[in-house]
Amino acid sequence: IVAVGENLAPSYRGAKVIDTTGKTLIPGLVCGHHHYYSGLSRGMLISAGEQNDFIQVLKEWWWRLDRGLDEEALYYSSLICSIDAIKAGTTSCIDHHASPSFIGGSLETIARGMREVGLRGMTCYEVTDRNGGMEEVKAGVKENIEFAKSVDKEWQSGKKPLVEAMIGGHAPFTIPNRGLELLKEACDTTQRGIHLHVAEDKYDSVHSHHHYHLDIMERLDSFGLLSDKSLLVHGLYLSEKEVELLNARRGFLAHNPRSNMNNHVGYCTNLREVERSILGTDGCGGNMFEE
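Only a predicted model underlies this, so the values are computations on that prediction, with no experimental measurement involved.

Q: Give a description of the layout of surface pockets that names residues and reports values.
A: Each pocket or cavity is described by its volume, and for the largest pocket that value is around 560 Å³. Taken as a whole, the second largest pocket holds about 380 Å³ of empty space. Lining the second largest pocket are 28 residues, and of these His35, Ser38, Trp62, Asp282 and Gly283 lie nearest its centre. Every element with two or more residues in the lining of the second largest pocket is listed here: α1 (54–67) and α9 (257–262). For the lining of the second largest pocket, the element with the most residues is α1, which contributes six residues.

Printed below as a string of structure tokens:
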């Protein structure tokens, strides 16, 4: 929108005209949490093992999918997800990415698809040790930092980047303490916030209690990862005390109802207590009206 007022048409002769009679003009919508790597996943017909709990769903479906991605598949996933979002009136997407077989350069590939479609966005790599231990953790952290630096160069050159950076992590149950230390260092180095799955399933909370003797939010806070730049996702099994800590740190929580139903994980019962909540799709397309 370049101007608002009456009798502006004569000043813009020759411009494209859209007849909005009987229509409503609204601002572009925002998807607060997306997974562009799932853009090609619709109608998958794969031979999967048993899926009696959420961890089996991850292992048999989503983690197999992201391991199979290469640069070409990721690029077209980005184009498809961006077009899908724009068609639904979603003009900004906050992406959370994973492609263990193609880490270095993956975020720039996603950004390229967003830029070509003309969609504003943010992206990050979900740091995890689920495939390659600490080497995979370090590679993910490096990719987050490198992409943030490339965005900084755009700012420094006087451009306003269409795609910004965050620092990503998968979920606390796949990130060891050393990984959380590295994520904090990356946040401090780049001055970006963390984008992290938390308590999507009860297993995440149980794992934190079993291995670290802390609630998930206490564990994250002990590494300084909760702030007003933090974007946490799902939070179905966060306790009232943990939501209070999130609110005290002024962090955001992205709610993804369709994904919760699709993965059979439940509902965020403390959602009404979250002061800074936003709506995401967790990779279930870009239509925020459906969400």
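Q: Give a description of helix α2 (residues 71–87) that names residues and reports values.
A: Taking 1.5 Å per residue as the helical rise, α2 with its 17 residues ought to reach 24 Å, and the 24 Å between its terminal C-alpha atoms agrees with that figure. If you check which residues of α2 are buried, you get Ala73, Leu74, Tyr75, Ser77, Ser78, Leu79, Cys81, Ser82 and Ala85. Here the buried face of α2 lies against β1 (29–34), β2 (90–95) and α3 (106–117). Once α2 ends, the next one or two residues include glycine 89, with phi positive near 85 degrees.

Q: Quick one: what's the story with helix α4 (residues 133–156), residue by residue and with numbers?
A: With 24 residues, α4 ought to run about 34 Å at 1.5 Å a step, and its terminal C-alpha atoms sit 35 Å apart, in line with that. Within α4, the full set of buried residues consists of Glu136, Val137, Gly140, Val141, Glu143, Asn144, Ile145, Phe147, Ala148, Val151 and Glu154. Against the buried residues of α4 lie α3, β3 (120–123), β4 (163–165), β5 (167–169) and α5 (177–190). Remark: glycine 158 follows α4 within two positions and exhibits a positive phi of approximately 95 degrees.

Conventions used here
- Here the residue index of a chain counts from 1 through its sequence in written order.
- Thresholds applied to this predicted model are a pLDDT of at least 70 for local features of residues and 80 or more for the giving and counting of side-chain atom pairs; totals over whole chains, interfaces and linings are not thresholded and use all residues.
- With hydrogens and water set aside, each side-chain value is computed from the structure's full complement of heavy atoms.
- For each structure, a 1 Å grid was placed over the protein atoms alone; sets of points admitting a 1.4 Å probe that cannot get out are labelled cavities, open sets with protein on both sides within 12 Å along at least five of seven lines are labelled pockets, and lining residues have an atom within 4 Å of a point.
- Grid points are joined across faces, edges and corners, and a volume is the space filled by probe spheres set on the points.
- Strands are runs of DSSP state E lasting at least two residues, helices are runs of H or I lasting at least four, and both sets are numbered from the N terminus onward.
- A helix is expected to reach a length of 1.5 Å times the quantity of its residues less one.
- Partly exposed describes any residue whose relative accessible area lies between the buried limit of under 20% and the exposed limit of over 50%, with all areas from a 1.4 Å probe on protein chains only and scaled to the type maximum.
- Throughout, a residue-residue contact means that at least one pair of heavy atoms, one from each residue, lies within 4.5 Å.

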